[in-house]
Every structure is written in structure tokens, then in C-alpha cells.
Amino acid sequence: MDLSLTPEQEATRRSVREWVDAVIAPAAIRNDREERFPEEGLEGLKRDGWIGLTIPEEYGGGGADPLTYCLVVEELGRGDANVRSILSVHLGLVAGSITRWGSEDHKREWLPKMAAGDVLGCFCLTEPDHGSDPAGLETTAVKEGDSYRINGSKIFITNGDIAGVALVMARSGGPGARGVSAFLVPCDTPGFTPKPIHGKLGLRSCDTAEIALDDVVVPASALLGGEGDGIKVALSALDDGRMSLAASCTGLAQNALEVMTSYAQQREQFGRPIAAFQLVQELISDTAVEVEAARLLTWRVADLKMRGEKFTLAASMAKYYASEACVRAANAAVQVHGGYGYVDEFVVGKLLRDARVTTLYEGTSQIQKLLIGRAVTGVSAFG
Ligand SMILES: Cc1cc2nc3c(=O)[nH]c(=O)nc-3n(C[C@H](O)[C@H](O)[C@H](O)COP(=O)(O)OP(=O)(O)OC[C@H]3O[C@@H](n4cnc5c(N)ncnc54)[C@H](O)[C@@H]3O)c2cc1C
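Because the structure is a prediction, the values reported are computed rather than measured. Throughout this document, residue positions are counted from 1 along each chain, in the order its sequence is written. Reporting in this predicted model follows two pLDDT cut-offs: at least 70 for local features of residues, and 80 or more for side-chain atom pairs to be given and counted; totals over whole chains, interfaces and linings ignore these cut-offs and use all residues. Side-chain metrics in this entry use all non-hydrogen atoms of the structure; hydrogen atoms and water are not considered.

1. Here we look at the domain arrangement of the protein chain
Argument step 1. Residue ranges assigned to each domain were obtained from an automatic or database domain assignment. Segmentation of the protein chain into domains returns domain 1 (7-116), domain 2 (121-227) and domain 3 (232-377).
Argument step 2. The distance between the C-alpha centroids of domain 1 and domain 3 comes to 20 Å.
Argument step 3. Contacts are residue-level and defined by heavy atoms, with any inter-residue pair within 4.5 Å sufficient. The interface is formed by 26 residues belonging to domain 1 together with 33 residues belonging to domain 3.
Argument step 4. Of the roughly 2400 Å² buried between domain 1 and domain 3 on both sides combined, carbon and sulfur atoms contribute 59%.
Argument step 5. Salt bridge criterion: a side-chain nitrogen from Lys or Arg within 4 Å of a carboxyl oxygen from Asp or Glu. The interface formed by domain 1 and domain 3 contains five salt bridges.
Argument step 6. Between lysine 350 and aspartate 80 there is a salt bridge, with its nearest N and O atoms 2.9 Å apart.
Argument step 7. Here a polar contact is recorded for every N or O atom pair within 3.5 Å, except that within protein the pair must consist of a potential hydrogen donor and a potential acceptor, and residues adjacent in sequence are included only if both atoms are side-chain atoms. Here domain 1 is connected to domain 3 by nine residue pairs in polar contact (both at pLDDT 80 or more). Note: buried area is the sum, over both parts, of the accessible area (probe 1.4 Å) each one loses when the two are combined.

Right, here's the structure in full:
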């Protein structure tokens, strides 16, 4: 794996970093406090073309390679994970699935609009009674002539209230994973009703919704992949999502490191900067090592993907490590700030709350351990 960046990758990182530092990071605390959607973030993602970054150029996107995508996502995650979430779901989970599984008609219908940011994507897998075990999902898609009628409900859907197209996993066949299919559902279809979820611990300015699907009728051409491919579509999307989430977690941990280092250099106790105390240095140096490790695990996923190799296991490892590492990093940053870390004058409390969800979604840490354990031992603990 070559760890040097190309001049284009360096320039992309610099450009997104400057925008994040000038616009995104300064707005983040207020947005969090007021549960305000980061409009300036979405506008910038569209204006600067990040919203279509990885969509193939022939459909109007940037055609960026996986490492460039990770660099952009890390910078967004460093500035505000709420803005990062919009992009990862839209590109990694939805546009990526259309690129991988879609017919030429699907691509021509959705990708140019998604590349311009005129249509955002959301990914509807989780249900109230089915999170870690999506193969048991209960939303139904009943074939009626040349269309499907979808009924059910989805929960915790990022971009759910602002998206124009939803990738919906629903049961069109018998029990288990093989009975699930994936559908591209325009969000203005009658019966598709999002309801925003408020009061989240973190990611408070991110759009998260519960979605009711009541007699949502879509043409048979809305099927993405074949009948029964729904869980495969979802799992391949999550491979990409986990790479992107690992990059975002690296960015959040990097932010925690920078903020705690700067505070430790300025804050004095016992007549010395607290950075001079070995126990404070331990918090900082442990975080510095973990940030590097998270970044390298993430870049390894991007490298495998770029070379066309399987990256499912590498993505699980990177997601698991980087998410747990960013929670530790944010917690260490609060510790270094003492009592000031407990009020939202400083960003570290928000970092801890935003970090906390990363070990829960896109497969909890327990699920990642079972996936890694199955790959290493050859024995499945899923039953
Ligand atoms: C802010 C936010 C945004 C989200 N965005 C999306 C989205 O855009 N699209 C989407 O589809 N979903 C989304 N989700 C849902 C998320 O992916 C699920 O919450 C997650 O998969 C866990 O499912 P669950 O909440 O039902 O927990 P459960 O599956 O009920 O798990 C509860 C606990 O049991 C543990 N557990 C479960 N099974 C096992 C096992 N076999 N062995 C050991 N431990 C186990 C889990 O690790 C966890 O600790 C989002 C969630 C949040 C909070």
C-alpha cells in the first residue's frame, strides 16, 4: 500500500479542509444546541461538487477514487459529523448501490440528479423490531401485475425527511434473507411519510426520521438488483458505508486530539501548563496513536477497494476500531478540559455525543466482532 497522496488528492483535502474550518466547524456548536439542520453544509456540498464526488463522471459526478472520498469524509467528520452523515448516506449507501446494482435506466434516472444534489438519497433498512438482524425485516412488497405495493415502517433513517429517493429493503418473498428485495422509491410517492426524530443524544442537527410506508405503489422497474437480492444490496452498501464511517471517526478523533492538545498547552495548574503533566500527556499520546491507527486501517480499505479486491473484512475492522477509538478520543478530550469539557462553550462535549452513535449504527461493535470472528475462525456465531 502506497501511503503517499497524489497532488490532486492533497489539493482536494486542502480545499475541503479550508471550507470546513471557515464555515462548517464554526456553525457546528450552534446547530447542535438548536437541533438546526446544517443548511450551510448542504449548500457547500452542492456548490463545491462534493455531493457527487464518487458518482461516475458519465452520470455527472466527480468519479473520485475511494481514497479521495475517505480524505473528504475525514475532513467533514473532523468539522461536523452531522454534515458528513448527509454525504455518506447519499453517496456511499444509495448512489453507490445504484452504480453497483442498477440498470442503465436506473443510473440515467437517478445518478445525474444525485450528482447535482437536486435529489438526496436515504437508506431504509432498519425497522422498529429489526436492527442488527435485518434478514428478519417485516416490511412487505407484494407484486401486483407490473408493480409492487409496499407496507411497513422504517426507523432511524438518516436524510429521511430531506431525501428525494429512498433505497427501501422489503420482503417480496419467503422468510429469511433470500425473501428480501431492494427498491428505489421516490420519496414523493403517496403513502411514503417521514416523521423527524428529535431529542437525540448526538448528531442533533442531522436529519433522522421514522418512515411510514402505507400502500406505497412503485413500478416493477423500481426493483434494484433481482428479486431476493435485497440483503446483498444492503450488505454491499454497508461495506462502503463502514469505510466512510471509519474515515469520519478518524476525523472526529483528530479534532478531539487537536482541541485537547491546544487546551493542555494553554491551561495552567500548579503554575505550569497542564500539558506538562505526564498523566495528561498519556491521554494525548494514546489518542495520537489511535488516530494514526484508525487512519491507516481506513486507508487500507480504500486501497483494497481501489485495487478491486474484497474489502468486507477490512471495512468491518476499520469501522470497529475507528468508532471505538473516536469515543475514547472524545472522552479523553473532555477529561483534559476538566469541568469546562462538561459545558458546550467548548466543542468536546458535542464530540463525545456525536461519537457515541458510531459504535451503534452501520453494525454495532458487537456485530463487527462477530463478523470479524466469523472470518477469522470460519465459525459463525450468528446461528
Ligand atoms: C442516528 C442514527 C442514524 C441511523 N441511520 C440509519 C439509516 O440511515 N438507515 C438505516 O437503515 N438504519 C439507520 N440507523 C439504525 C442503526 O443501524 C441501528 O440502530 C443498528 O443497526 C442497531 O440496531 P438496533 O438499534 O435495533 O439495536 P439491536 O439490534 O436491538 O441491538 C441492541 C444491542 O444488542 C446487541 N446485539 C444484537 N444482536 C447481537 C448478537 N447477535 N450478539 C451480540 N450482541 C448483539 C447490539 O450490539 C446492541 O448492543 C441509525 C441509527 C441511529 C441511532
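2. Some words on the site of the ligand
Argument step 1. Being near a molecule or strand, for a residue, comes down to having at least one heavy atom within 4 Å of it. Surveying the vicinity of the ligand reveals 16 residues, the closest of which are Phe123, Thr126, Ser132, Phe156 and Thr364.
Argument step 2. Within the side chain of threonine 126, a nitrogen or oxygen atom sits 2.7 Å from a nitrogen atom of the ligand.
Argument step 3. If you list the elements that add at least two residues to the shell around the ligand, you get strand S3 (147-158) and helix H10 (365-377).
Argument step 4. Residues are grouped as follows: nonpolar covers Ala, Val, Leu, Ile, Met, Phe, Trp, Tyr, Cys and Pro; charged covers Asp, Glu, Lys and Arg; every other residue, Gly included, is treated as polar. Residues of the shell around the ligand, tallied by class, amount to nine nonpolar, six polar and one charged.
Argument step 5. If you count residues domain by domain, the shell around the ligand takes at least three from each of domain 2 (121-227) and domain 3 (232-377). A helix here means a DSSP run of H or I that spans at least four residues, while a strand means a run of E at least two residues long, and both kinds are numbered starting from the N terminus.

3. Some words on a nonpolar patch on the surface
Argument step 1. Taken together, the side chains of Met1, Leu3 and Leu296 make up a nonpolar region of the molecular surface, amounting to roughly 280 Å² of accessible area.
Argument step 2. Relative to the helices and strands, leucine 3 is located in the segment before helix H1 (7-34). Each patch is built from salt-bridge-free residues with over 30% relative accessible area, joining like charges within 9 Å and nonpolar side chains (Val, Leu, Ile, Met, Phe, Trp, Tyr) within 5 Å. Note on areas: Shrake-Rupley with a 1.4 Å probe; residue coverage comes only from the protein chains shown.

4. Re the side chain of histidine 130
Argument step 1. Turning to its location among the elements, histidine 130 is positioned in the loop between strand S1 (121-124) and strand S2 (140-144).
Argument step 2. A distance of 3.2 Å separates the side chain of histidine 130 from the backbone oxygen of glycine 136, its partner in a polar contact.
Argument step 3. A distance of 2.7 Å separates a polar atom in the side chain of histidine 130 from a polar atom in the side chain of glutamate 138.
Argument step 4. When sequence neighbours within four positions are dropped, the list of residues in contact with histidine 130 reads Gly136, Leu137 and Glu138.

5. Brief notes about the packing of aromatic side chains
Argument step 1. Stacked, tilted and edge-to-face are the three classes applied to pairs of Phe, Tyr and Trp rings, where Trp contributes its six-membered ring and a pair requires centres within 6.5 Å; stacked means planes under 30 degrees apart, edge-to-face means over 60, and tilted covers the rest. According to the stated counting rule, one finds four aromatic pairs in the structure shown.
Argument step 2. Taking 5.6 Å as the distance between ring centres and 85 degrees as the angle between the ring planes, the aromatic pair formed by tyrosine 263 and phenylalanine 346 counts as edge-to-face. Residue tyrosine 263 is located in helix H6 (residues 230-266), and its partner phenylalanine 346 is located in the loop between helix H8 (312-337) and helix H9 (348-356); the two are separated by 83 residues in the primary sequence.
Argument step 3. Taken together, the ring pairs in this structure connect Tyr263, Tyr340 and Phe346 into an aromatic cluster.
Argument step 4. Between the NZ or CZ atom of lysine 113 and the centre of the ring of tryptophan 110, over which it lies, the distance is 4.8 Å. The rule for a charge over a ring is simple: NZ of Lys or CZ of Arg within 6 Å of the ring centre, and within 35 degrees of the ring normal.

6. A word on the nonpolar core
Argument step 1. Ranked by internal contacts, the top residues of the largest apolar core, which has 89 residues, are Leu45, Leu76, Leu87, Met114, Phe123, Leu167 and Met169.
Argument step 2. If one sorts the elements of this core by residue count, H6 sits on top with 17 residues.
Argument step 3. Among all residues touching methionine 169, those that are not within four sequence positions of it are Phe123, Cys124, Leu125, Glu127, Leu137, Thr139, Lys154, Val180, Ser181, Ala182, Gly230 and Ala234.
Argument step 4. The set of buried Ala, Val, Leu, Ile, Met, Phe, Trp, Tyr and Cys residues whose side-chain atoms join them within 4.5 Å is what this entry labels a nonpolar core. Throughout this description, buried means an accessible area under 20% of the type-specific maximum (1.4 Å probe, protein chains only), exposed means over 50%, and partly exposed covers the range between. The next biggest cluster of nonpolar side chains, apart from the first, holds 20 residues, and it includes Cys124, Val168, Val216 and Ala222.

7. Observations regarding the packing of helix H3 (residues 66-79) against helix H7 (residues 278-306)
Argument step 1. Where H3 meets H7, the closest approach of the two axes is 8 Å, and the angle between their N-to-C directions is 150 degrees. Looking at the two axes, H3 sits roughly antiparallel to H7. Mapping the contact onto sequence places Pro66, Leu67, Cys70, Leu71 and Glu74 in H3 and Arg295, Thr298, Trp299, Ala302, Lys305 and Met306 in H7.
Argument step 2. Here the contact of H3 with H7 is composed, by residue class, of seven nonpolar, one polar and three charged. Between N-to-C directions, angles span 0 to 180 degrees; the directions come from axes that are lines fitted to C-alpha atoms, helices contributing only their stretch in contact. Put simply, angles under 35 degrees are roughly parallel, angles over 145 are roughly antiparallel, angles from 65 to 115 are roughly perpendicular, and the rest are oblique.

8. What to know about the state of the cysteines
Argument step 1. By disulfide we mean two sulfur atoms from cysteines, separated by a distance within 2.5 Å. Tallying each qualifying case throughout the model produces zero disulfides.
Argument step 2. Free of any disulfide, cysteine 122 has its nearest cysteine sulfur in cysteine 124, 3.9 Å distant.
Argument step 3. Assessed through its relative accessible area of 0%, cysteine 122 is described here as buried.
Argument step 4. Counting only cysteine sulfurs, cysteine 249 is the nearest neighbor of cysteine 326, a cysteine outside any disulfide, at a range of 3.8 Å.

9. Some details on unusual backbone geometry
Argument step 1. In the Ramachandran plot, phenylalanine 156 falls in the positive-phi region, its phi being about 60 degrees despite a non-glycine side chain.
Argument step 2. If you trace the backbone, phenylalanine 156 turns up in strand S3.
Argument step 3. For phenylalanine 156, a relative accessible area of 56% translates into the label exposed.
Argument step 4. Of note in the backbone geometry, glutamate 362 takes a positive phi value of approximately 55 degrees without being a glycine.
Argument step 5. Relative to the elements of secondary structure, glutamate 362 occurs in the loop between H9 and H10.

10. Considerations on the side chain of threonine 208
Argument step 1. As for its position among the elements, threonine 208 is in strand S7 (residues 208-219).
Argument step 2. One polar contact links threonine 208 to lysine 200, side chain to side chain, over a distance of 3.0 Å.
Argument step 3. Leave out the neighbours within four places in its chain, and threonine 208 touches Phe156, Ile157, Thr158, Lys195, Pro196, Ile197 and Lys200.

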